[in-house]
Every structure is written in C-alpha cells, then in structure tokens.
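Examination of the molecular architecture
Okay, here's what each chain looks like letter by letter:
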Amino acid sequence: MADTGPTTYWRALWSSGITATASRSPAVALRAYLVADKKPADAAGLLRKAITAGQQPPSIYLMLAAIENSASGAEGPNNALAIVDEAIQKHPGSLELVQ
C-alpha cells in the first residue's frame, strides 16, 4: 500500500519544483521553511528572490529577517533589522511588523 500521509504530500510538493514568484508567496514560505535548518543561505536566497519578483506579504520579510538573524553571525541582528525596516517601508500599516 502506498504511503499517502503528510510526509508524502510534502515530499511531492517539494519535488514539484516550487518556484519563487510574486503570486506564490505561500509556496515560497513553505519551501524556505523546509530548507532553513540545513541550508539557511538557500532559504534566504529563495525569500530574497520572491521579494525581488514582486510585492510580498509582511510574513515573507519576517521569515527572511529570522533566517538572517540566526544565520549571519555577528551581523545577523543588524541584517534582520534592515529587512524589517524595508518591510515597514513597503507595508506601513502592517500590525504584523510592529508587534
């Protein structure tokens, strides 16, 4: 009997080639989350690519800030603050960013 559990679903989604486009923010967030532990630079690059591709929700910026904060050594906190500042400029009314 074939495995149809959640793990198989996420593997299929992962291998389907999720692309970083402005219209697929949830897919970008999922893929970045799945690789962030083992390949934080890849996850950050994916999020940056999505941000460059078009308007993204505040959560994408917060994910990038979290990855930068933990993966960039001594410069991490400064990089994270710069990302949050950019997000606030693009989403000035976002409660998500000022909480």
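Residue numbering note: each chain is counted from 1, following its sequence as written. The model is predicted, so local features are restricted to residues of pLDDT at least 70 and side-chain atom pairs to those at 80 or more, both for listing and for counting; the totals for chains, interfaces and linings are taken over all residues. As a rule here, side-chain values cover all heavy atoms of the structure and leave hydrogens and water aside.

With that out of the way, let us pick up a nonpolar patch on the surface. Judged by side-chain polarity, Ile88, Leu95 and Val98 come together as a nonpolar surface patch covering roughly 280 Å² of accessible area. We count a stretch as a helix when DSSP gives it H or I for four or more residues in a row; a strand needs E for two or more, and each element gets its number in order from the N terminus. Relative to the helices and strands, leucine 95 is located in helix H6 (residues 95-98). Accessible area is worked out with a 1.4 Å probe on protein chains only. A residue is then buried under 20% of its type maximum, exposed over 50%, and partly exposed in between. Residue classification places leucine 95 among the exposed positions, given a relative accessible area of 62%. For patch detection, residues must exceed 30% relative accessible area and be free of salt bridges, and they are connected within 9 Å for like charges or within 5 Å for nonpolar side chains (Val, Leu, Ile, Met, Phe, Trp, Tyr). Methods summary: accessible areas were calculated by the Shrake-Rupley approach with a probe of 1.4 Å, and residue burial reflects only the protein chains presented. Salt bridge, as used here, is a side-chain nitrogen of Lys or Arg placed within 4 Å of a carboxyl oxygen of Asp or Glu.

This paragraph deals with the environment of serine 94. Along the polypeptide, serine 94 turns up in the loop between helix H5 (76-90) and H6. Between the alpha carbons of serine 94 and proline 58 there is a distance of 7.4 Å; along the sequence they are 36 residues apart.

Low-pLDDT portions of the prediction should not be read for the details of their coordinates. Confidence scores per residue from the predictor, reported as pLDDT, run from 0 to 100. Per-residue pLDDT for the chain has a mean of 83; in total, 77% of the residues score no lower than 70. Per-residue pLDDT, averaged within each element of the chain, yields its smallest value for helix H1 (residues 6-15) (58) and its largest for H5 (95).

Moving on, we come to the side chain of glutamate 68. Tracing the backbone shows glutamate 68 in helix H4 (residues 58-71). Residue class for glutamate 68 comes out buried when judged on its relative accessible area of 8%. A polar contact of 3.0 Å, which involves the side chain of glutamate 68, links it to the side chain of arginine 48. Here glutamate 68 is in contact with Ala44, Arg48, Gly76, Asn79, Ala80 and Ile83, once residues within four sequence places are set aside. Between N or O atoms, a polar contact is any pair within 3.5 Å; within protein, one atom must be a potential hydrogen donor and the other a potential acceptor, and residues adjacent in sequence are included only when both atoms are from side chains. We call two residues in contact when some of their heavy atoms are within 4.5 Å.

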